[in-house]
Amino acid sequence: MNKHIVEKTLLYALIVFLTSFFLFPIYWALITSFEYADQILKLPPAFFPTKFTFTNFIEVFAQSHLGRMFFNSVFVSIATVIAAVGIAALAGYGFSRYTFRGRNTWVYTIIIVRMIPSVVFIVPYYVIFQKIGLLDTLFGLIIVYVTSAIPFAIWLFIGFYDEIPKEVYEAAIIDGCGEFSLYRRIALPLVIPGVVVAAILTFLAAYNEFGISLVLIFSDDNKTLPLGISSLIRSQKDTPFGSLAAAGTIAMIPSILLSLTTQKYIVEGLTAGAVKG
């Protein structure tokens, strides 16, 4: 009994330590965003400040296009999710449901394409977009993000669809379901957790992307939030720790909202297929 209590205590202590370790940077950014400049650089640092201010947030919105950039990031990310997940859900269903010549080759090709870093395609994208007039546009950025997200999303969906028993499809066909009805009414509702996981991963990848947008976007009106945060450093002589913390806090909002509102589906999606048969 004593051994069991000790093991349980050590386990809880480890959980508390790891949770504190990962949450501390978020907490530090949050309190820094509400501190005055002299408090931020104070030594030793105050882990529990007593004075708070909204000056950093006011300066961020007043001195930059951060609001516009935040909207651009959310807009581009949502558009990427709708297009990429919509296409990948259909493609994954086709690869999982049907057997055809060259199927395995295409599946492996998709995986290989996903393994290639997106940075490799920057120069071709730049040249092509320059010729067709999509350079420095949100639509061009969406095209890049969608093509980058589709291979990984297809790979995810193939795994989720493979978990659906064939008997489910056979029963639906006997009941008179056509091919599209089979997908829309049977297959897709059964992989909703997978849809949510694919959507979240796609959203976060597009929302946090920096390298490609740095090359393809120039104007402040079309910049995304990561570009806006980086411009805060370049536009001032001294590092604006308070403004950076405020911008980072704003940038965390979508991720936190997603984790809080879709936690159930995330757990279901990530554990789907862990036990089979």
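Residues numbered from 1 in each chain as written. Predicted model: local features only at pLDDT ≥ 70, side-chain atom pairs only at ≥ 80, totals over all residues. Heavy atoms only, no water.

A. Representation of the overall build of the protein in the model. Within the protein one finds 14 helices and 0 strands. Helices and strands appear in the protein in the N-to-C order α-α-α-α-α-α-α-α-α-α-α-α-α-α. The globule rule puts the C-alpha radius of gyration for 277 residues at 19 Å, and the 23 Å found for the protein is more than 25% above it. Counting only C-alpha atoms, the protein reaches 75 × 70 × 30 Å along its principal axes. Counting only residues that meet the buried cut, the protein has 38% of its 277 residues in that class. Taking the contacts inside the protein whose residues are at least 6 apart along the sequence as the reference set, 70% of them involve residues at least 24 apart. (Helix = DSSP H or I, 4+ residues; strand = E, 2+ residues; numbered from the N terminus. Rg over C-alpha atoms; globule rule 2.2 N^0.38 Å. Buried < 20%, exposed > 50% of the residue type's maximum accessible area, 1.4 Å probe, protein only. Contact = heavy atoms within 4.5 Å.)

B. Inspection of the environment of F52 at higher detail. By secondary structure assignment, the location of F52 is in the loop between α2 (37-40) and α3 (55-63). Along the chain, F52 and T32 lie 20 residues apart, while their C-alpha atoms are 9.2 Å from each other.

C. Representation of the environment of S219 in the model. Along the chain, the position of S219 falls in the loop between α11 (211-216) and α12 (225-234). Each C-alpha atom of the pair S219 and T137 lies 9.1 Å from the other, and the pair is 82 residues apart in sequence.

D. Inspection of a nonpolar patch on the surface at higher detail. On the surface, L14, F17, L18, F21 and F22 cluster together into a nonpolar patch covering about 560 Å² of accessible area. Relative to the helices and strands, L18 is located in helix α1 (residues 2-33). Residue classification places L18 among the partly exposed positions, given a relative accessible area of 38%. (Patch = residues over 30% accessible without salt bridge, like charges linked within 9 Å, V, L, I, M, F, W, Y side chains within 5 Å. Areas by Shrake-Rupley, 256 points an atom, 1.4 Å probe, with all protein chains shown as cover. Salt bridge = Lys/Arg side-chain N within 4 Å of Asp/Glu carboxyl O.)

E. A look at helix α13 (residues 241-261). Helix length check: α13 (21 residues) gives 30 Å between terminal C-alpha atoms against 30 Å at 1.5 Å per residue, within 8%. I253 marks where α13 bends most, by close to 35 degrees; the proline P254 follows one to four residues later. (Expected span 1.5 Å × (residues − 1). Bend = angle between axes of the 7 residues up to and from the residue.)

F. Focus on the packing of helix α7 (residues 138-162) against helix α10 (residues 192-208). α10 packs onto α7 with a crossing angle of 155 degrees between their chain directions and a minimal axis gap of 10 Å. As the angle between them shows, α7 and α10 are arranged roughly antiparallel. As for the relative orientation of α7 and α10, their crossing is right-handed in sense. In this structure, α7 uses Y145, A149, F152, L156, F157 and F160 to contact α10, whose residues at the interface are G194, V195, A198, L201, T202 and A206. Tallied by class, residues from the contact of α7 with α10 come to 10 nonpolar, 2 polar and no charged. (Axes fitted to C-alpha atoms, helices over the stretch in contact; angles between N-to-C directions. Parallel < 35°, antiparallel > 145°, perpendicular 65-115°, else oblique. Left-handed = near helix turned anticlockwise from the far one by under 90°. Nonpolar A, V, L, I, M, F, W, Y, C, P; charged D, E, K, R; others polar.)

G. Structural detail: the packing of helix α5 (residues 103-115) against α7. In contact at an axis separation of 8 Å, α5 and α7 are set at 130 degrees when each is read in the N-to-C sense. With respect to their mutual orientation, α5 and α7 come out oblique. Here the hand of the crossing between α5 and α7 comes out left-handed. Where α5 abuts α7, its residues R103, V107, I110, I111, V113 and R114 lie against S148, P151, F152, I154, W155 and I158. Taken together, the residues that form the contact of α5 with α7 break down as 9 nonpolar, 1 polar and 2 charged.

H. The arrangement of the confidence of the model for the protein in detail. Summing up the model confidence of the protein, the mean pLDDT is 83 and the portion of residues at 70 or higher is 93%. Taken as a whole, residues 273-277 scores under 50 in pLDDT and shows 2 contacts with residues more than four places along the chain or in a different chain. (pLDDT = per-residue confidence, 0-100.)

I. View of the nonpolar core. Counting 58 residues, the largest nonpolar core has F157 and Y161 as its most contacted members. Here this core takes 15 residues from α7, the largest share from any one element. F157 has contacts with V85, A88, A89, G92, G194, V195 and A198, leaving out every residue within four places of it along the chain. (Core = buried A, V, L, I, M, F, W, Y, C linked by side-chain atoms within 4.5 Å.)

J. Inspection of the side chain of T80 at higher detail. Residue placement: T80 occurs in helix α4 (residues 66-97). When its relative accessible area of 1% is taken as the criterion, T80 is described as buried. Here V76 takes part through its backbone oxygen, which lies 2.7 Å from a polar atom of the side chain of T80. Not counting the four nearest positions on each side in its chain, T80 is found in contact with V85, I142, Y145, V146, T202 and A206. (Polar contact = N/O pair within 3.5 Å; in protein donor to acceptor, adjacent residues only side chain to side chain.)

K. Here's a closer look at unusual backbone geometry. For D136, which is not a glycine, the phi torsion comes out positive at approximately 60 degrees. With respect to the helices, strands and loops of the structure, D136 is situated in the loop between α6 (122-132) and α7.

L. Representation of the packing of aromatic side chains. Within the structure shown, the criterion is met by 18 aromatic pairs. Between F24 and Y27, the aromatic rings sit 6.4 Å apart at their centres with planes inclined by 45 degrees, giving tilted as the arrangement. Note that F24 and Y27 are positioned in helix α1 at a spacing of 3 residues, about one turn of the helix. F24 gets classed as partly exposed once you look at its relative accessible area, which sits at 38%. The class of Y27 is partly exposed, set by a relative accessible area of 30%. With 6.1 Å between their ring centres and 15 degrees between their planes, F71 and F75 make a pair best called stacked. With F71 and F75 both in helix α4 and 4 residues apart, the pair spans about one turn of that helix. Classification of F71 as partly exposed rests on a relative accessible area of 47%. With a relative accessible area of 41%, F75 lands in the partly exposed category. An aromatic cluster of three or more residues is present, and its members are Y93, Y98, F157, Y161, Y169, F180 and Y183. When the ring centre of Y169 is taken as origin, the NZ or CZ atom of R97, which lies over that ring, is 4.6 Å away. (Phe/Tyr/Trp six-rings, centres within 6.5 Å; stacked < 30°, edge-to-face > 60°. Lys NZ or Arg CZ within 6 Å of the ring centre and 35° of its normal.)

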